[in-house]
Amino acid sequence: MKLTASKHMKAFSTPLVQNNPISRQMLGICSALAVTVQLKTAIVMGLSMTFVVAFSNLIISFMRHMIPRNIRMIVELSVIASLVIVADELLRAFLYDISKQLSVFVGLIITNCIVMGRAETYALGNPPGLSFLDGLGNGAGYGSVLVCVAFIRELLGAGKILGYQVVPAGVYGLGYENMGFMQLAPAAFIIIGLLVWLQHALSKTK
Amino acid sequence: MSSTIKSIAFAFVTALVCSVLLTAASSGLKSFQRENVEVDQKKNILKAVGLIQDNKVYSKEAVKKMYADSIQAVRVSSNGAILKQGEAVDTALPVYIYVKNDQIESYIIPINSRGLWGRIKGYIALENDGSTIAGFTVYKHSETPGLGGEIEKRWFQKNFKGKKILDRQGNFVSISIAKGELSPSFPKEKKPNYVDGISGATLTGKYLTAGLKRTLQDYEPVSIKFRTKQFLQWHSGK
């Protein structure tokens, strides 16, 4: 029993840091550049992504013995696409402003290699419980990088956190200025690069 | 052979289940989404006349109340006369009127322009002199995020405020989006009719300029009424 518990734990925790989809596997970079100007959009994107990966893993894992091998990718894709559309519809119904800011990127979760990759490599060969946890872990791993990047970008680029001004006006009076560069996509590239470097450096010293 | 049939059957069932689920989700959430879209449009109308600020959060009820308090939706015929409710003509133009202290402050015209990837929808508000732009907003577009998509951003929209749709001689010239930022050498007499463009989004600017011109041209009869103060009289006479 203890063994399975630790196995479940591992399915969830490995993709969080050790095998993080963005900083280790270099997947999903495109959306990470686009939605990390503000913390709020990054959090919502991370949650939508977690929802989609976790449930697509769960559903595909349930069907893994039934899916005919030759059309498995098409089946995976229709499951993923349906979940993404549901997530998009939910956002449009309940978080309209954020869904407008996320614009096409929620829809583009369909093409995010993380989702398809997890379905192919994990959910097809593992039981539903483990697959669900693996999905949660990957979504959270993706989301946590997004949140880190967005935190830095919003703080340095606009002096705000979650839309609230945190850099006091006095500091601006002393000549401090927001880094406009942080608002642009290349800034996310640089921050993600630094995060990857940091993670590699830390894992080496261990 | 049987495996082929199995594959087809499986694909069919998957497609069926997915489509049923999606239909249910879409129709179940429709009423919420419709309300959001409606509030968002009202919000943009209010934003065009500066009643709503970008960096503040407004509840749905606050937006609805503000709209009901200060905006009147009317329809005008192509020669600029206000139509009575239910009166049918070939071309009825919708106009939103911002009334403040029983005076017409400005009027808001809906825009539906061609963009690079799809329609650009928004509002342009003109002050009651019939020539000065009071504000410009976009609530729906499919332009490239970061390039043409910048049309929804504050920095681009705020440039419209105070610009003119008439040249110095009083002729209609509409408002144009320049290619990139206006250079210091840009002819001074044309400056009131141009706003800074978005670098990297020349085509979006071009289509939006054309769309604005066409729309403002259609609404010229209304604007002329404002220029000659006839609309103001309509209101005080009511």
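See the structure printed just above.
These numbers were taken from a predicted model, which means no experiment stands behind them.

Quick word on the overall build of chain B
Now for step 1: Within chain B one finds 6 helices and 7 strands.
Now for step 2: Taken from the N to the C terminus, the helices and strands of chain B come in the order α-α-β-β-β-β-β-α-β-β-α-α-α.
Now for step 3: Its C-alpha atoms give chain B a radius of gyration of 22 Å, more than 25% over the compact-globule value 18 Å for 238 residues.
Now for step 4: Counting only C-alpha atoms, chain B reaches 80 × 50 × 40 Å along its principal axes.
Now for step 5: For chain B, restricting intrachain contacts to residue pairs at least 6 apart in sequence, the fraction spanning at least 24 positions comes to 54%.

Structural notes on the interface of chain A and chain B
Now for step 1: Taken together, the contact pairs 19 residues of chain A with 19 residues of chain B.
Now for step 2: Among the elements that take part in the side of chain A that touches chain B, helix H4 (residues 72-94) of chain A stands out by supplying 11 residues, more than any other.
Now for step 3: Across the side of chain A that touches chain B, the residue classes tally to 13 nonpolar, 4 polar and 2 charged.

A few points about the pairing of strand E2 (residues 92-100) of chain B
All names here are of chain B.
Now for step 1: Pairing geometry for strand E1 (residues 71-77) and E2, over 7 bridges, is antiparallel. When the sheet's bridge partners are listed, Ser77 is paired in E2 with Ala92.
Now for step 2: Bridge count for E2 against strand E3 (residues 103-114) is 5 bridges, and the pairing is antiparallel. When the bridges of E3 are listed, Tyr96 appears paired with Ile108.
Now for step 3: Linking E2 to E3, which pair antiparallel, is a turn of 2 residues; within it Asn101 sits at a positive phi near 50°.

A word on the pairing of E3(B)
Residues in a regular strand point their side chains to alternate faces of the sheet.
Now for step 1: By the bridge criterion, 9 bridges tie E3(B) to strand E4 (residues 119-127) of chain B in an arrangement that is antiparallel. Across the sheet, the residue bridging to Ile108(B) is Ala125(B), located in E4(B).

Conventions used here
Residues numbered from 1 in each chain as written. Chains lettered and ligands numbered in written order. Predicted model: local features only at pLDDT ≥ 70, side-chain atom pairs only at ≥ 80, totals over all residues. Helix = DSSP H or I, 4+ residues; strand = E, 2+ residues; numbered from the N terminus. Rg over C-alpha atoms; globule rule 2.2 N^0.38 Å. Contact = placed C-beta atoms within 7 Å. Nonpolar A, V, L, I, M, F, W, Y, C, P; charged D, E, K, R; others polar. Pairing = 2+ DSSP bridges.

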